[in-house]
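Here is what each chain is made of, one letter per residue.
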Amino acid sequence: MSLEQFTRNEGQVARRFQYDDAVVFAVDFGASEPEASVDLVDETVIVVIGEDQYEFELPETAHEAHTFIKNGVLTVELEGDL
């Protein structure tokens, strides 16, 4: 599942920020669940919030990816030809 499909299907608020050398996605899961984590395995972002788990694939053209989650907001920074 792509990030766009994920946010559309799950009803999450998402923003895309385009820069010269990177793209940043921010997805707001809400701050109601204090235990949230994110992991990057190959080209898959895995988000665990409470007992729910979400997964989505990164674009194949992304060379570098950095992920973190704070206060219920997931940030995915992608570098490459996007």
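Residues numbered from 1 in each chain as written. Predicted model: local features only at pLDDT ≥ 70, side-chain atom pairs only at ≥ 80, totals over all residues. Heavy atoms only, no water.

### A look at the side chain of Thr75
Here is step 1 of the chain: Looking at where Thr75 falls in the secondary structure, it is placed in strand E7 (residues 73–80).
Here is step 2 of the chain: If we ignore the near neighbours within four places in the chain, the residues touching Thr75 are Val24, Phe25, His66, Thr67 and Phe68. (Helix = DSSP H or I, 4+ residues; strand = E, 2+ residues; numbered from the N terminus. Contact = heavy atoms within 4.5 Å.)

### Concerning the confidence of the model for the chain
Here is step 1 of the chain: When the pLDDT values of the chain are averaged, the result is 81; 82% of them are 70 or greater.
Here is step 2 of the chain: Within the chain, helix H1 (residues 3–10) has the poorest average pLDDT of any element, 57, and strand E3 (residues 36–41) the best, 92. (pLDDT = per-residue confidence, 0-100.)

### Quick word on a negative patch on the surface
Here is step 1 of the chain: Residues Asp42, Glu43, Glu55, Glu57 and Glu60 make up a contiguous surface patch of negative charge.
Here is step 2 of the chain: Position of Glu43 relative to the elements: it lies in the loop between E3 and strand E4 (44–49).
Here is step 3 of the chain: Note on Glu43: relative accessible area 46%, which makes it partly exposed. (Patch = residues over 30% accessible without salt bridge, like charges linked within 9 Å, V, L, I, M, F, W, Y side chains within 5 Å. Areas by Shrake-Rupley, 256 points an atom, 1.4 Å probe, with all protein chains shown as cover. Salt bridge = Lys/Arg side-chain N within 4 Å of Asp/Glu carboxyl O. Lys, Arg positive; Asp, Glu negative; His and termini not counted. Charge placed at Lys NZ, Arg CZ, Asp CG, Glu CD. Buried < 20%, exposed > 50% of the residue type's maximum accessible area, 1.4 Å probe, protein only.)

### What to know about the pairing of strand E6 (residues 62–70)
Here is step 1 of the chain: Bridge count for E6 against E7 is eight bridges, and the pairing is antiparallel. Counted as the bridge partner of Ala65 is Leu78 from E7.
Here is step 2 of the chain: Here E6 folds back onto E7, and the loop between the two strands holds two residues, one of which, Asn71, carries a positive phi near 55 degrees. (Pairing = 2+ DSSP bridges.)

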